[in-house]
Every structure is written in structure tokens, then in C-alpha cells.
Amino acid sequence: EDKVVQSPLSLVVHEGDTVTLNCSYEVTNFRSLLWYKQEKKAPTFLFMLTSSGIEKKSGRLSSILDKKELFSILNITATQTGDSAVYLCAVTQGDSWGKLQFGAGTQVVVTP
Amino acid sequence: NAGVTQTPKFRVLKTGQSMTLLCAQDMNHEYMYWYRQDPGMGLRLIHYSVGEGTTAKGEVPDGYNVSRLKKQNFLLGLESAAPSQTSVYFCASSYSLNSAGGNGELFFGEGSRLTVL
């Protein structure tokens, strides 16, 4: 059975801390892994990863994929209260372009 | 810059009632999707469409029907609502697999919160 597992489920950090979120997957015919940030409403796109070992970076956020060990990590450095959100990991398979299979998400709370 | 718009944003139904959620996108995307989000379960795909006039089942299609009569609209119908369908529903759209703009990114609407009593 295909599955996407995120850990931890939730965490609380102080402003300025670094956060590392994990996403492991077991799916047939893996194509890509995506990270989304969800605040109160719609998820917003962060990264799409298709190749192992190539880090994607956007400001204080970065992510990398390991296709051998079947996981990805999302790092947030120098966290700010605006980083408080649920971070969702999703994978796509084969030719099913938009049929994302999501993990349950990691809730991050950044305290002042 | 409307993007993906869902209506209504909130609705309360009684068991057995029917309703339709409307999703409209103005980005000329080929693909559209309906997801539901429940606590602790992430987002699960209900139905999706790869073009006008086409629909397909996702992971949790039972109890729902969809239609894509126009490229920009994707309707989700509940024929006989059940309490198990209490959820937040998200519509999304994306470019097609082979289009120049396609990178896998889905654009989400802001969600529709449905409560079935």
C-alpha cells in the first residue's frame, strides 16, 4: 500500500531556531515530491523535487530528496512567527500528474 | 488575479440533503481536482479532471459526483449528504503534464467548510 509519512506531527520552537521536517514515502512508480505550506486556508506551493541530492532553496527554506532511502527533508532556518503553519508533503506517481498523495502534515508553531 | 475560486465557503446541511460546490479557475489550466481535508489525514483526492468533458475517480470518490462542462469550472456534488462528509473541501488546478508551464504545482482555492448534521 502506498503511503506518505511525515514526522514529527507537530513541534513548537522559538524564533531563531532551525526546524527540520521529515517526509518518507513508499509509493510505486515515484515521480516527484512536493512541499506545501498551509496557514489558515489554501496550501501554497514551496518546492518540487525530482532528483536525489539536489537542494532546492528559497530564502530561509531549503529541501532535499533522497530517492535511495525514500525520504525528503524540509529545513527552515532562523524561524520567524510567520513560519507557523502546517507543512504538507505530497508525492506524485507515474503519469498521474496532479494526483498528489499527501502526508498528514507537520504543524509548526514558532513562539516569539 | 482571482486564481481558483470556490463557492460557497461555508455550508451546513442536514443528512440526506444535496448540494453542489462550484470551483472556477481563470488560469486556463487543463487539470482540476477536488480534495477533502480531515484532521490527521491530510488531503485526499476525491475526483479529478484532465480536460473539459472528462472526469476520473480519485482515492475517496464514494458519495460524490463531479462534472466539467466548461474548462474553467469543476463542480462537486453530494447527492445525499452524510455526517461522514463533514470536511473542508479544496479545489485545485494545474497545467497539464506536457505543457510548457507544467511543473507539478497545484493552485488551491481557499476551501469550503461543509458540516453535515
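Residues numbered from 1 in each chain as written. Chains lettered and ligands numbered in written order. Predicted model: local features only at pLDDT ≥ 70, side-chain atom pairs only at ≥ 80, totals over all residues. Heavy atoms only, no water.

Asker: Give me the pairing of strand 4 (residues 30–38) of chain A: which residues, what numbers.
Answerer: Two faces, one strand: in a regular strand the side chains alternate between the faces of the sheet. Residues and elements named next belong to chain A. Of all nine residues in strand 4, eight are buried, a share of seventy percent or more. As judged from the eight bridges shared by strand 4 and strand 9 (residues 85–93), these two strands associate in the antiparallel manner. In the sheet register, S32 faces strand 9, and the bridge partner there is T92. Bridge count for strand 4 against strand 5 (residues 43–49) is six bridges, and the pairing is antiparallel. If you follow Q38 over to strand 5, its bridge partner there is P43. In this antiparallel pair of consecutive strands, strand 4 and strand 5, the connection spans four residues. (Buried < 20%, exposed > 50% of the residue type's maximum accessible area, 1.4 Å probe, protein only. Helix = DSSP H or I, 4+ residues; strand = E, 2+ residues; numbered from the N terminus. Pairing = 2+ DSSP bridges.)

Asker: Just give me the short version of unusual backbone geometry, but keep the residues and values in it.
Answerer: The amide bond that connects A:S7 to the next residue, A:P8, takes the cis arrangement and shows omega of -10°. Residue B:P8 is bonded to the preceding B:T7 through a cis peptide linkage, with omega at -5°. Mapped onto the fold, B:P8 is located in the loop between strand 1 (4–7) and strand 2 (10–13). Phi is positive for A:A78, which is not a glycine, with a value near 45°. Mapped onto the secondary structure, A:A78 falls in the loop between strand 8 (71–76) and strand 9. We classify A:A78 as partly exposed; its relative accessible area is 39%.

Asker: Give a detailed account of the sheet that holds strand 1 of chain B, specifying residues and quantitative values.
Answerer: Residues and elements named next belong to chain B. The strand order 1-3-8-7 describes an open sheet built from four strands, whose pairing is antiparallel. The two strands at the open ends of the sheet, each matched to only one other strand, are strand 1 and strand 7 (64–67). Direction aside, the axes of adjacent strands within the sheet are offset by 20° on average. As paired elements, strand 1 and strand 3 (residues 19–25) share four bridges and run antiparallel to each other. (Axes fitted to C-alpha atoms, helices over the stretch in contact; angles between N-to-C directions.)

Asker: Explain the environment of B:E105 to me, and be specific about the residues and the numbers.
Answerer: Within the secondary structure layout, B:E105 lies in the loop between strand 9 (87–94) and strand 10 (107–108). Spatially, the C-alpha atom of B:E105 lies 6.4 Å from that of B:S94, the residues being 11 residues apart in sequence.

Asker: Account for the state of the cysteines, with residues named and values stated.
Answerer: Among covalent bonds in proteins, the disulfide is the one between the sulfur atoms of two cysteines. Counting across every chain of the model gives two disulfides over all chains. Residue pairing for A:C23: its cysteine sulfur links by disulfide to A:C89, the two sulfurs lying 1.9 Å apart. What sets the handedness of the A:C23 and A:C89 disulfide is the S-S torsion sign, and at about -65° it is left-handed. With a gap of 66 residues between them, A:C23 in strand 3 (residues 19–26) and A:C89 in strand 9 connect regions that are remote in the sequence. The class of A:C23 is buried, set by a relative accessible area of 0%. Sulfur-sulfur distance for the disulfide between B:C23 and B:C91 comes to 1.9 Å. Looking down the S-S bond of the B:C23 and B:C91 bridge, the torsion is -75°, so its handedness is left-handed. (Disulfide = S-S within 2.5 Å.)

Asker: Account for the nonpolar core, with residues named and values stated.
Answerer: General note: in soluble globular proteins, nonpolar side chains tend to be found buried as a group. Residues and elements named next belong to chain A. In terms of nonpolar packing, the biggest core is built from 23 residues, with L21, Y25, F30, L33, W35, Y87 and V91 touching the most fellow members. Put simply, the parts of the chain that give this core at least two residues each are strand 2 (10–14), strand 3, strand 4, strand 5, strand 7 (61–66), strand 8, strand 9 and strand 11 (106–111). In contact with V91, other than residues within four places in its own chain, are V4, Y25, V27, F30, S32, L33, K99, L100 and Q101. (Core = buried A, V, L, I, M, F, W, Y, C linked by side-chain atoms within 4.5 Å. Contact = heavy atoms within 4.5 Å.)

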